Amino acid sequence: MTHRSTDLDPAGVTTLLCDADGTLFPSEEPAYAASADVTNRFLAQLGAERPYSPAELQAMTNGKNFRAAAQELARGYGRDLAPEDLERWVAQEKDVVTAHLRTVLREDPAVHGPLVRLAQRFALAAVTSSAASRLDACLEVTGLAGFFEPARRYSAEDSLPRPTSKPDPAVYVHAVQDLGITPDEAVAVEDSINGALSAVAAGVRTVGTVQFVPEHERAARTAALREAGALAVVSSWDEVAALLSAR
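Just so we're clear, the structure is a prediction, and the values are computed from it rather than from any experiment.

Novice: Quick question: what am I supposed to make of unusual backbone geometry here?
Specialist: Most of the time, phi is negative for any residue but glycine, and the peptide bond is trans. Following lysine 166, the chain continues into proline 167 via a peptide bond in cis, with omega recorded as 20°. Within the secondary structure, proline 167 is located in the loop between β3 (153–155) and α7 (170–179).

Here it is, written out as structure tokens:
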């Protein structure tokens, strides 16, 4: 399943900017499962009347990091978080989720093989809302660290003067500037709506992917990615490689 656009001409593209969670590895569901306890304790402190399931939390905050989600949830309860309280919750969630992802993620030939081919033509960089330490851990356990040099890993949580999260385009703007390229020289690969909005707002042509999206959600996600500005939507990294191999 590839929804193509004639606007996605790979000629002149030098760099592939890859989202991490849900794009390079299926970390979204296990991350929310691990995060649920921390997030529900945080919500209880805000006055939530019941705990939320991991699936509910994912639907509420997908594509945003915990920092942005916590601030948004607090505003929903009419609360302002003290900076020290926010940092404490962010650190707790990061540690819990990173430790869990280390135990559940594995190398995936369906990702590794296409990246080998793509790396022969393009420079690869990772652009994520997640913390740098979480990104590093996930790349390590999935065998993908060698594709993404540490200097080509960009975290909206840790790489910017002020931590933020997608859909803010700041992390993509920073990545493009730091790599010394123009937006026209890059293509982003994103699975989430907020991620696609971030890349598109930074002027980067974007490919949506639903490889790790549950089958029953793929049609809706595909439509939403297109609405967010993705010029193509694919169901595998093989399709990304095929899409970008066209001359």
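Novice: So what exactly am I meant to see when it comes to the pattern of salt bridges here?
Specialist: Pairing between side chains of opposite charge can happen when the charged atoms of each approach one another. Taken as a whole and judged by the stated rule, the model has 14 salt bridges. Aspartate 37 is the partner of arginine 41 in a salt bridge, and the nearest nitrogen-oxygen pair spans 3.3 Å. Of the two residues, arginine 41 and aspartate 37 are both situated in helix α1 (residues 28–46); the distance of 4 residues between them amounts to about one turn of the helix. The partly exposed category is assigned to arginine 41, whose relative accessible area is 37%. We classify aspartate 37 as partly exposed; its relative accessible area is 49%. Its salt-bridge partner being aspartate 238, residue arginine 117 comes within 2.6 Å of it at the nearest N-O pair. One end of the pair, arginine 117, is in helix α5 (residues 109–119); the other, aspartate 238, is in helix α10 (residues 237–243), with 121 residues separating them in the sequence. Counted as one network, the salt bridges with shared partners bring together Asp19, Lys166 and Glu190.

Novice: How should I be thinking about the pairing of strand β5 (residues 205–209) in this particular structure?
Specialist: Within a regular strand, side chains alternate between the sheet's two faces. Burial of β5 is extensive: 5 of the 5 residues sit out of reach of the surface. Of the two faces of β5, the one holding Arg205, Val207 and Thr209 and the one holding Thr206 and Gly208 are both buried throughout. The pairing of strand β4 (residues 186–190) with β5 spans 4 bridges and is classified as parallel. Within the sheet, the bridge partner assigned to glutamate 190 lies in β5 and is glycine 208. For the crossover that starts at β4, traverses helix α8 (residues 193–201) and ends in the parallel β5, the hand is right-handed. As a crossover connection, the stretch from β5 through helix α9 (residues 218–228) into strand β6 (residues 232–234) is right-handed.

Cut-off values and rules
- Residues numbered from 1 in each chain as written.
- Predicted model: local features only at pLDDT ≥ 70, side-chain atom pairs only at ≥ 80, totals over all residues.
- Heavy atoms only, no water.
- Helix = DSSP H or I, 4+ residues; strand = E, 2+ residues; numbered from the N terminus.
- Salt bridge = Lys/Arg side-chain N within 4 Å of Asp/Glu carboxyl O.
- Buried < 20%, exposed > 50% of the residue type's maximum accessible area, 1.4 Å probe, protein only.
- Pairing = 2+ DSSP bridges.
- Right-handed = clockwise from strand over helix to strand, strands pointing away.

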